[in-house]
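Next come the chains, spelled out residue by residue.
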Amino acid sequence: MAQASIRDQMKKLVEIQKIDGEFYECKRDIQEKPKKIDDLKQAFEEKKTRFHGLEEQLKAKQLARKEREGDLQAKDGEIVKVNAHLSQLKTNKEYKSKLTEIESLKADKSIIEEKILILYDETDVLSASIQKEKEMLAQEEKKFLAEKSKIEDEIKEIDDKVKVLESKRQQMAKDIDS
């Protein structure tokens, strides 16, 4: 009879070891899950950073365009000013010189206009990229939040399982002690 009791206690000890193994696995999983959430969050934050970088590029292009538009107005002012001087010139040589200066200013104005058009095109492309990135970011955020919620639910399930295992182990340990 004592041997049967020892055999029963050995079976219970083996069961406790199995419970301890499951308990260890659960604790390890609980420790790994927050790392997964952090990795997901970091990946999402990198995408957000890239999005904000595109927005900053757009602002820089818009600012550069406004500066060029200011340069364009200044050139227009210079052209008007030089044109006003044409009527005051007395010699043919001075007149030709002013016409050359006007042509030079008009060429400069043309270059500035080209740069402005290029900046308009670049801002249009960036705006389209930002819109696409914004939509993708919204999807990524939903995906991140869903994955985070799933992992948090898994953690709760594992916590519940740990409590059950602890209770089961305590009950089995009492049976062995008696």
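Above this text sits the structure in question.
Right, let's walk through the structure included here.

**Focus: the side chain of Lys33**
- Take Lys33: it is sitting in helix H1 (residues 2-86).
- Engagement of the side chain of Lys33 in a polar contact is seen with the side chain of Glu154, the distance being 2.6 Å.
- Sequence-distant contacts of Lys33, defined by excluding residues within four places in its chain, comprise Ile151, Glu154, Ile155 and Ile158.

**Describing the side chain of Thr123**
- For Thr123, the location among the structural elements is in helix H2 (residues 92-177).
- Contact partners of Thr123, with chain neighbours within four places excluded, come to Leu58, Lys61, Gln62 and Arg65.

**A few points about the nonpolar core**
- In this structure, Ile16, Ile19, Cys26, Ile30, Ile158, Val162, Leu165, Met172 and Ile176 together form the largest nonpolar core, which totals nine residues.
- Those residues in contact with Ile19 that lie beyond four places of it in its chain are Leu165, Lys168, Arg169 and Met172.
- Phe44, Phe51, Leu54 and Leu126 belong to the second-largest nonpolar core, a separate cluster that totals eight residues.

**Quick word on a nonpolar patch on the surface**
- Taken together, the side chains of Ile6, Met10 and Leu13 present a nonpolar region at the surface, about 290 Å² in accessible area.
- Structurally, Leu13 can be placed in helix H1.
- For Leu13, a relative accessible area of 39% puts it in the partly exposed group.

Conventions and cut-offs
Residues numbered from 1 in each chain as written. Predicted model: local features only at pLDDT ≥ 70, side-chain atom pairs only at ≥ 80, totals over all residues. Heavy atoms only, no water. Helix = DSSP H or I, 4+ residues; strand = E, 2+ residues; numbered from the N terminus. Polar contact = N/O pair within 3.5 Å; in protein donor to acceptor, adjacent residues only side chain to side chain. Contact = heavy atoms within 4.5 Å. Core = buried A, V, L, I, M, F, W, Y, C linked by side-chain atoms within 4.5 Å. Buried < 20%, exposed > 50% of the residue type's maximum accessible area, 1.4 Å probe, protein only. Patch = residues over 30% accessible without salt bridge, like charges linked within 9 Å, V, L, I, M, F, W, Y side chains within 5 Å. Areas by Shrake-Rupley, 256 points an atom, 1.4 Å probe, with all protein chains shown as cover. Salt bridge = Lys/Arg side-chain N within 4 Å of Asp/Glu carboxyl O.

None of this, on its own, says anything about what the molecule does.
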